[in-house]
Amino acid sequence: IYPSELIIQNKKYPTDSWTNVNGHILSRIGQNLHQQKNHPLYHLTNRLRQHFYQYYDPRKLSPKFSIIDDLRPIVTTEQNFDSICIPADHVSRTKTMNYYINKSTLLRAHTSAHQVDLIRSGLNAFLCIGDVYRRDSIDPTHYPVFHQCEGVQLFNKEELFIENRNVRGDKDYLQIFGSNEHRDATKQEGHTLEAVKLVEASLKKTITDLFKNLFPNAATLNSRWVDATFPFTHPSWEYEIEIDGKWYELLGCGIMEHSVLENSGLSKDHIGWAFGLGLERIAMIMYGIPDIRLFWSNDSGFLSQFAFDDSTRAVRYKPISVYPQCINDLSMWMGKTIIDPSDFHDLVRAIGGDLIEQVVLIDEFYSAKKQRHSQTYRIIYRSMDRTLTKEEINMVHKDIESHCKQQFGVEIR
Ligand code: PHE
């Protein structure tokens, strides 16, 4: 039972018999994990950015790819389906697969929903990164909200044939479009095979170069292209890599359907490729994250493992305990000397042992009135094998306090 309208991010949407969003899903809108500093998806987004900014357009004197990562996830059925040629009766439109706000508005099911708008706005090479929503099975690798990166690059005749322009000394020898070309497994009607093959080569090189950059051991990984079908590309492929004997699908891609370019307002002079890759899938492999729900965790045991500035840093995720954390702060007026945090860490470890998950200096200041320094540490307790009781933690915490008094001459605040 829904109210007659829903208010989402300060905008009103009428509900109808298609409405099937729920509070849990709506609460994800605006979280933008890929923009949250030090989140694994933020690091991955940075790496995509760094990788694609290497490609330079000498005529524009700027990076070739524009990167758009802040489009709102609420789109029309026109954007999500019609604009990219998904037929009216296609299964991917059903209520069981999507989160509808009403009959004509839904949470985007893929970043492909923005292809046409972005091309229409004048871009001919871009990435579009954002959260996407799908009603899906529940297991360690599926979650109803995840993140995708769409990539698109368009070519006109000069750009596509730049290296082969004069193969016959005849500048019009190579063409993107021909009047006698028909659709078959290798190409769309209208496209010449030489144009399609060059675009395919560009697409596949772009993707394999990206994964060489993301996975340092890419040279030793097996990968393969699998023929696929999408309503908005033809021909189409999926790219898979093999890890420990299992094949993982990382993305879908292909030569853009010409009618998508027509819907974008381009006349008959361009051809292009598009891909859509899932960020969680890649981050799980890159960092060894075992469960997709962890991306939504506010648990500092998870997030602290990604608290670094250099997004290219290679880290392996260390599983955190399934038992709850217990957080206790400790504030102290310093005695004659200011405590070096590493001395404090040693003391805490010595007393708390493996019950200590994390220690952070959260506050430090000098009081002119008291003429004393103050430090506050947050100690996060958690056992790997049981739920700790408050009493037990308090005893350890008191013990740490009294050792601090003895060892550092502090006064507990
Ligand atoms: N939108 C497709 C998906 O979400 C992926 C894709 C993007 C495929 C672009 C081809 C081209 O599954």
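Residues numbered from 1 in each chain as written. Predicted model: local features only at pLDDT ≥ 70, side-chain atom pairs only at ≥ 80, totals over all residues. Heavy atoms only, no water.

Looking at an unreviewed UniProt entry, the protein chain carries the name Phenylalanine--tRNA ligase, mitochondrial, with the source organism given as Rotaria socialis. Comment text from UniProt for the protein chain, heading Sequence similarities (unreviewed entry), reads "Belongs to the class-II aminoacyl-tRNA synthetase family." (UniProt positions renumbered as here; feature names shortened; annotations may be inferred.)

### A few points about the sheet that holds strand 6 (residues 74-76)
If you trace the three strands from one edge of the open sheet to the other, you get 6-8-7, paired in antiparallel fashion. The open sheet terminates on both sides in strands that have one partner only, identified here as strand 6 and strand 7 (100-102). In this sheet, adjacent strand axes meet at a mean angle of 30° when their direction is disregarded. Where strand 6 and strand 8 (residues 105-107) come together, three bridges link them in antiparallel fashion. Paired with isoleucine 74 across the bridge in strand 8 is leucine 107. (Pairing = 2+ DSSP bridges. Helix = DSSP H or I, 4+ residues; strand = E, 2+ residues; numbered from the N terminus. Axes fitted to C-alpha atoms, helices over the stretch in contact; angles between N-to-C directions.)

### Overview of the nonpolar core
By size, the foremost hydrophobic cluster in this structure holds 71 residues, and its most contacted members are Phe211, Phe215 and Phe275. Considering each element in turn, this core owes the most residues, eight residues, to helix 6 (residues 193-214). For phenylalanine 215, the contacting residues outside a window of four places in its chain are Leu221, Ile241, Leu250, Ile282, Ile285 and Met286. Grouped together as the second largest cluster of nonpolar side chains are 21 residues, Leu330, Met332, Val396 and Val410 included. (Core = buried A, V, L, I, M, F, W, Y, C linked by side-chain atoms within 4.5 Å. Buried < 20%, exposed > 50% of the residue type's maximum accessible area, 1.4 Å probe, protein only. Contact = heavy atoms within 4.5 Å.)

### Describing the packing of helix 2 (residues 40-53) against helix 8 (residues 279-287)
The geometry of helix 2 relative to helix 8 is characterised by a closest axis approach of 10 Å and an angle of 100° between their N-to-C directions. Looking at the two axes, helix 2 sits roughly perpendicular to helix 8. On the side of helix 2, the interface is formed by Pro40, Leu41, His43, Leu44, Thr45, Arg47 and Leu48, while helix 8 contributes Leu279, Glu280, Ile282, Ala283, Met286 and Tyr287. Of the residues contributing to the contact of helix 2 with helix 8, the split by class is nine nonpolar, two polar and two charged. (Parallel < 35°, antiparallel > 145°, perpendicular 65-115°, else oblique. Nonpolar A, V, L, I, M, F, W, Y, C, P; charged D, E, K, R; others polar.)

### Here's the deal with the pattern of salt bridges
Following the criterion strictly, the structure yields 21 salt bridges and no others. The salt bridge partner of arginine 183 is glutamate 257, with a shortest N-O separation of 2.8 Å. One end of the pair, arginine 183, is in the loop between helix 5 (157-160) and helix 6; the other, glutamate 257, is in the loop between strand 13 (246-256) and helix 7 (258-263), and 74 residues separate them in sequence. Between lysine 212 and aspartate 209 there is a salt bridge whose closest N-O contact spans 3.6 Å. (Salt bridge = Lys/Arg side-chain N within 4 Å of Asp/Glu carboxyl O.)

### Considering the packing of aromatic side chains
A ring pair, where both rings are aromatic, is described by two values, the distance of the centres and the angle of the planes. The tally for this structure, following the rule as stated, stands at 17 aromatic pairs. Summarising the aromatic geometry, the rings of phenylalanine 52 and tyrosine 55 are spaced 5.8 Å apart at their centres and angled 50° between planes, so their arrangement reads as tilted. On the numbers, 5.7 Å between centres and 25° between planes, the contact of tryptophan 273 with phenylalanine 275 is stacked. In this structure tryptophan 273 comes out as buried when scored by relative accessible area, which is 0%. Looking at phenylalanine 275, the relative accessible area reads 2%, which means it is buried. (Phe/Tyr/Trp six-rings, centres within 6.5 Å; stacked < 30°, edge-to-face > 60°.)

### Comments concerning the site of the ligand
Taken together, 13 residues lie around the ligand, and His110, Ser112, Arg134, Gln148 and Gly276 are the ones closest in. Histidine 110 has a polar side-chain atom sitting 3.1 Å from a nitrogen atom of the ligand. Within the side chain of arginine 134, an N or O atom sits 2.7 Å from an oxygen atom of the ligand. For the ligand, whose free accessible area comes to 320 Å², the fraction covered by protein is 89%. Within the residue set of the shell around the ligand, elements represented by two or more residues are strand 10 (145-155), strand 13 and strand 14 (271-278). If one sorts the elements of the shell around the ligand by residue count, strand 14 sits on top with three residues. Looking at the shell around the ligand residue by residue, the class counts come to five nonpolar, six polar and two charged. (Near = heavy atom within 4 Å. Polar contact = N/O pair within 3.5 Å; in protein donor to acceptor, adjacent residues only side chain to side chain. Areas by Shrake-Rupley, 256 points an atom, 1.4 Å probe, with all protein chains shown as cover.)

### Describing the sheet that holds strand 13
In spatial order, the strands read 5-9-10-14-13-12-11; together these seven strands make up an open sheet with mixed pairing. Every other strand in the sheet has two partners, leaving strand 5 (66-68) and strand 11 (222-230) as the edge strands with one partner each. This sheet shows a mean twist of 20° between the axes of neighbouring strands, independent of strand direction. Bridge analysis of strand 13 against strand 14 gives five bridges, and the strand direction is antiparallel. Residue cysteine 253 lies in a different strand from strand 14, and its bridge partner there is phenylalanine 275. Sheet strands in contact with helix 2 are strand 5, strand 9 (125-133), strand 10 and strand 14, and its direction is about 165° off that of strand 9.

### Overview of unusual backbone geometry
A cis geometry characterises the amide bond from histidine 234 onward to proline 235, with omega recorded as -10°. Residue asparagine 38 is not a glycine yet carries a positive backbone phi of 70°. Here asparagine 38 lies in the loop between helix 1 (23-26) and helix 2. One non-glycine residue with positive phi stands out, namely cysteine 85, at about 70°. Counting through the fold element by element, cysteine 85 comes out in the loop between helix 3 (77-80) and strand 7. A residue is classified by how much of its surface remains accessible, and cysteine 85, at 25% relative accessible area, is partly exposed.

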